[in-house]
Amino acid sequence: MPSYLASIGMEVHAELDTRSKMFCRCPVAFGGEPNTRVCPVCLGLPGSLPVPNRAATEMVLRTALALNCTIATNSVFHRKNYFYPDLPKGYQVSQYGETNPIGYAGWIDIPKADGSIKRVRIRRVHLEEDTGKLMHLPAGGSGVDFNRSGVPLMEIVTDFPPDIESAEEAKEYLVQLRSTLLYLGVCDGKMEEGSLRCEPNISVRPEGSAEYGTKTELKNLNSFRSVQLGVRYEIERQIAALGRGERIRQETRGWHEGREESFPMRTKEEENDYRYFPDPDLVPMAFDEAMRERARTSLPELPLAKARRYAEQSGLSAQDCALLTADQAWAEFFEQAVALGAPPKPVCNWMNSDFAKRLNEDGIGWKASKITPAHLVDLVKLIESDAISGKTAKEVFAESFESGEMPSAVVLAKGLVQISDRDQIEAAVREAIEANPASVAKYKSGQTGVAGFFVGQVMRATGGQANPGLVQEAVKAALEKV
Amino acid sequence: MPISLDEVRHVARLARLELDEAEVLALQGELNALLGHFADIQGIDARGIEPQSHAVSLQNVWAEDSPLPSMPRSEALRNSALTRAGLFVVPTIIED
């Protein structure tokens, strides 16, 4: 069998995090009673007139700049005409054309597993509106809820020919893009609630072939995991089909989360013919230099740039830096802790282990927890100064996480200070040796493993508070002398 | 360029219009007459004129991002032929 190359294009829809809708002032929210956030504009009633949302426009402009796009000098809205019950006007307001979208011809860098960087070109970043929601009614028929109708939606499409060549890269692209959108504060990124939706298209071709294969499009992917699994499944399915001499049908396929397989979705009988034309109700947008400059200066340091800076400044591994910068608030915690004088590596380790674990268990971010950067700095300093052992530190952290007490206060209150006083430890070692002549005899006869027994005795005698490293040293020295 | 009967049928289907053959023929004539007017416009020398999408010279008209009250649901649903549990009801849609 020849070996195949995969090509993956990504179409991502992000609901913009505005307070009101794209072309009317109905509030934007998730869930709630159906058809309670609607008005003549988002219901498409005759005689209503749309006015675009300034904040939504600026969010797309900022995203386009963050994705290194060229900004359109003149950008208009088009009507995309088709009939579907979730589309009350009979058209969706969108943006058509190569150089008409607010941003075009950009790129995003994604980190690869081997530590190198891959550049993924972006064809367009445009502004449109979301549709309503259809739901199956058990008693028959479909119900339509227009609360989502007219919610500002940003579409981000990768360029052709595709740069993404594997399921892992597809997932990494989405991770990086989502993180960028979160940093920009333009989308909440909740894939499970549908505010970030991803539709990859996948094709394979024999190695050496210049021609791209027939592509299929995947829908219903609502997590990073399903994107990775879905794309991998589709690549393997297509290769297997070609291996059997079959042809790939151009189609839209759904992803079945439970069975972890894709299935052909019912295709519309007629070819898509959207008859795009400029929406006469919406006047053109022109982004002058002042507006672009304002958007440009409002851009935060983006995740990949931040990760590179951390690696350079603190010598942390690429993986550590990626974990720290995936979320902006998380990165903020790290920076505050380091600014308070804690060494970066232990702070990073605590954040990405015990702290992250507890936050995940409670399903909260650090700002909703009782741990502040000062808590972690205090804890790290207690460990670094040998005041407490690593094992005790875990208990102290758990206690601080529950109560919000500073770690040093927990250590004092519970008497957990580690005994690092050599005289005190040596005295305990002597006592242990005097009390256990039989074990001493064993040691003398060559059973040196018995040293561990003495360490255990000393730890027990000190209530577990002796510095284990010092105890080991003292036991070894004492046993050699007897 | 005259419009074919098949194109008339295609456009009718997109607009969800059910036409019989006599109507298709009649509309072909009317549409071709309309397109004839565009042919006249095509004859005008428009070199050096920027294409425009709108007749008015306005640009950058925006509303502020602050919600206003929506309409009462009872009012929103009032013209619907069938509603249930606050939803507009339409014939079953088969997606997958």
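Below or above, wherever it landed, is the structure these notes cover. (Residues numbered from 1 in each chain as written. Chains lettered and ligands numbered in written order. Predicted model: local features only at pLDDT ≥ 70, side-chain atom pairs only at ≥ 80, totals over all residues. Heavy atoms only, no water.)

1. Considering the overall build of chain B
Thinking step 1. The number of helices and strands found in chain B is three helices and two strands.
Thinking step 2. Counting from the amino terminus, helix and strand elements in chain B follow one another as α-α-α-β-β.
Thinking step 3. Its C-alpha atoms give chain B a radius of gyration of 23 Å, clearly above 12 Å, the size a compact globule of 96 residues would have.
Thinking step 4. With respect to the principal axes defined by its C-alpha atoms, chain B has extents near 55 × 45 × 30 Å.
Thinking step 5. For chain B, with 96 residues in total, the buried portion stands at 18%. (Helix = DSSP H or I, 4+ residues; strand = E, 2+ residues; numbered from the N terminus. Rg over C-alpha atoms; globule rule 2.2 N^0.38 Å. Buried < 20%, exposed > 50% of the residue type's maximum accessible area, 1.4 Å probe, protein only.)

2. Describing unusual backbone geometry
If a residue is not glycine, its phi is most likely negative; likewise, a peptide bond is most likely trans.
Thinking step 1. Following Phe160 of chain A, the chain continues to Pro161 of chain A via a peptide bond in cis, the omega torsion being -5°.
Thinking step 2. Its location among the elements puts Pro161 of chain A in the loop between strand E10 (152-158) and helix H2 (167-184).
Thinking step 3. Positive phi is not limited to glycine here, since Asn220 of chain A has a value of about 65°.
Thinking step 4. Here Asn220 of chain A shows up in the loop between strand E12 (216-219) and helix H3 (224-243).
Thinking step 5. Note on Asn220 of chain A: relative accessible area 39%, which makes it partly exposed.
Thinking step 6. Within the chain, Ala85 of chain B stands out as a residue other than glycine whose phi angle is a positive 50°.
Thinking step 7. Look at Ala85 of chain B and you get exposed, because its relative accessible area is 63%.

3. Focus: the side chain of Asp354 of chain A
All names here are of chain A.
Thinking step 1. On the secondary structure map, Asp354 appears in helix H8 (residues 344-362).
Thinking step 2. Note on Asp354: relative accessible area 16%, which makes it buried.
Thinking step 3. A polar side-chain atom of Asp354 sits 2.9 Å from a polar atom in the side chain of Lys394.
Thinking step 4. Every residue in contact with Asp354, bar those within four places of it in the chain, is listed here: Lys394 and Phe397. (Polar contact = N/O pair within 3.5 Å; in protein donor to acceptor, adjacent residues only side chain to side chain. Contact = heavy atoms within 4.5 Å.)

4. Quick look at helix H11 (residues 407-414) of chain A
Residues and elements named next belong to chain A.
Thinking step 1. Restricting attention to buried positions, one finds in H11 the residues Pro407, Val410 and Val411. Take H11 and look down its axis: the buried residues cluster within an arc of 100°, on one side only. With respect to the buried face of H11, the exposed residues turned more than 90 degrees away are Leu412 and Ala413.
Thinking step 2. Of the surrounding secondary structure, the elements contacted by the buried residues of H11 are helix H9 (373-384) and helix H10 (390-403).
Thinking step 3. Directly after H11, the chain includes Gly415, whose backbone phi takes a positive value near 60°. (Arc of directions from axis to C-beta.)

5. Considerations on the pairing of strand E5 (residues 91-94) of chain A
Residues and elements named next belong to chain A.
Thinking step 1. Of the two faces of E5, both are covered, the one formed by Tyr91 and Val93 as well as the one formed by Gln92 and Ser94.
Thinking step 2. The pairing of strand E4 (residues 78-81) with E5 spans four bridges and is antiparallel. In the sheet register, His78 faces E5, and the bridge partner there is Ser94. (Pairing = 2+ DSSP bridges.)

6. Here we look at the interface of chain B and chain A
Frequently, the measure chosen for interface size is the accessible area that the parts lose on association.
Thinking step 1. Between chain B and chain A, the residue contacts involve 37 residues of the former and 53 residues of the latter.
Thinking step 2. Contact between chain B and chain A buries roughly 4,100 Å² in total, counting both sides, with carbon and sulfur atoms accounting for 59%.
Thinking step 3. Three residues, Leu14, Trp62 and Asp65 of chain B, lead the burial of chain B against chain A; their summed loss comes to 18% of the area buried on that side.
Thinking step 4. Across the chain B-chain A interface, the total number found is two salt bridges.
Thinking step 5. Its salt-bridge partner being Glu64 of chain B, residue Arg54 of chain A comes within 3.0 Å of it at the nearest N-O pair.
Thinking step 6. At the junction of chain B and chain A, the tally comes to 24 residue pairs in polar contact (both at pLDDT 80 or more).
Thinking step 7. When the residues that make up the side of chain B that touches chain A are grouped by side-chain class, the tally is 20 nonpolar, nine polar and eight charged.
Thinking step 8. Strand direction decides the pairing type here: strand E9 (residues 142-145) of chain A and strand E2 (residues 87-90) of chain B, joined by three bridges, are antiparallel. Counterpart to Gly143 of chain A in the pairing with E2 of chain B is Val89 of chain B. (Buried area = accessible area lost by both parts, 1.4 Å probe. Salt bridge = Lys/Arg side-chain N within 4 Å of Asp/Glu carboxyl O. Nonpolar A, V, L, I, M, F, W, Y, C, P; charged D, E, K, R; others polar.)

7. Some remarks on the sheet that holds strand E14 (residues 261-264) of chain A
The strands making up a sheet associate through hydrogen bonds between their backbones, and the pairing can be parallel or antiparallel.
Residue and element names in this part refer to chain A.
Thinking step 1. Spatially, nine strands are ordered E2-E6-E7-E10-E1-E11-E12-E13-E14 in an open sheet, and the strand pairing comes out mixed. Edge positions in the sheet fall to strand E2 (70-71) and E14, since each of these pairs with one other strand and no more.
Thinking step 2. One ladder, built from two bridges, connects E2 with strand E6 (residues 103-111); its direction is antiparallel. Residue pairing in the sheet places Thr70 in a bridge with Tyr104 of E6.
Thinking step 3. Against the sheet, H2 makes contact with strand E1 (4-15), E6, strand E7 (117-129), E10 and strand E11 (196-206), and its axis sits at roughly 110° relative to E6, the strand it touches most.
Thinking step 4. H3 contacts E1, E11, E12, strand E13 (252-256) and E14 of the sheet and is inclined by roughly 25° relative to E11. (Axes fitted to C-alpha atoms, helices over the stretch in contact; angles between N-to-C directions.)

8. Focus on the pattern of salt bridges
All names here are of chain A.
Thinking step 1. For the structure shown, the criterion picks out 44 salt bridges over all chains.
Thinking step 2. Between Asp109 and Arg119 there is a salt bridge whose closest N-O contact spans 2.9 Å. You can see Asp109 sitting in strand E6 and its partner Arg119 sitting in strand E7, a full 10 residues away along the chain.
Thinking step 3. A salt bridge links Glu261 to Arg259; the shortest N-O distance between them is 3.3 Å.
Thinking step 4. Under the relative-accessibility criterion, Glu261 is labelled partly exposed at 31%.

9. Details of the packing of H9 of chain A against H11 of chain A
All names here are of chain A.
Thinking step 1. In the contact formed by H9 and H11, the axes pass within 8 Å of each other and the chain directions differ by 55°. As judged from the angle between their axes, H9 and H11 are oblique. Seen from H9, the contacting residues are His375, Asp378, Leu379 and Leu382; seen from H11, they are Pro407, Ser408 and Val411.
Thinking step 2. Counted by class, the contact of H9 with H11 contains four nonpolar, two polar and one charged residues. (Parallel < 35°, antiparallel > 145°, perpendicular 65-115°, else oblique.)

10. Description of the sheet that holds strand E15 (residues 277-278) of chain A
Thinking step 1. Read from one edge to the other, the open sheet built from three strands follows the order E5-E4-E15 (chain A), with strand pairing classed as antiparallel. Two strands bound the open sheet, and with one partner strand each, they are E5 and E15 of chain A.

11. So, the layout of surface pockets
To find leftover empty space, one rolls a probe the size of a water molecule over the atoms.
Residues and elements named next belong to chain A.
Thinking step 1. Considering only enclosed or pocket space, the second largest pocket measures out at about 1,500 Å³ in volume.
Thinking step 2. Residue lining of the second largest pocket: 42 residues in total, with Val175, Ala322, Leu323, Thr325 and Ala326 positioned closest to the centre.
Thinking step 3. Breaking the lining of the second largest pocket down by element, the ones donating at least two residues are E6, H2, H3, helix H5 (303-314), helix H6 (318-325), helix H7 (328-339) and H8.
Thinking step 4. In terms of residue count, the dominant contributor to the lining of the second largest pocket is H2 (10 residues).
Thinking step 5. A breakdown of the residues in the lining of the second largest pocket according to their chemical character gives 23 nonpolar, 11 polar and eight charged.
Thinking step 6. Shared between two domains, the lining of the second largest pocket holds at least three residues of each, these being domain 1 (4-293) and domain 2 (301-414). (1 Å grid on protein atoms, 1.4 Å probe; cavity = no way out; pocket = protein on both sides within 12 Å on 5 of 7 lines; lining within 4 Å. Points joined across faces, edges and corners; volume = space filled by probe spheres on them. Domains from an automatic or database assignment.)

Just distances and angles here, no functional claims.
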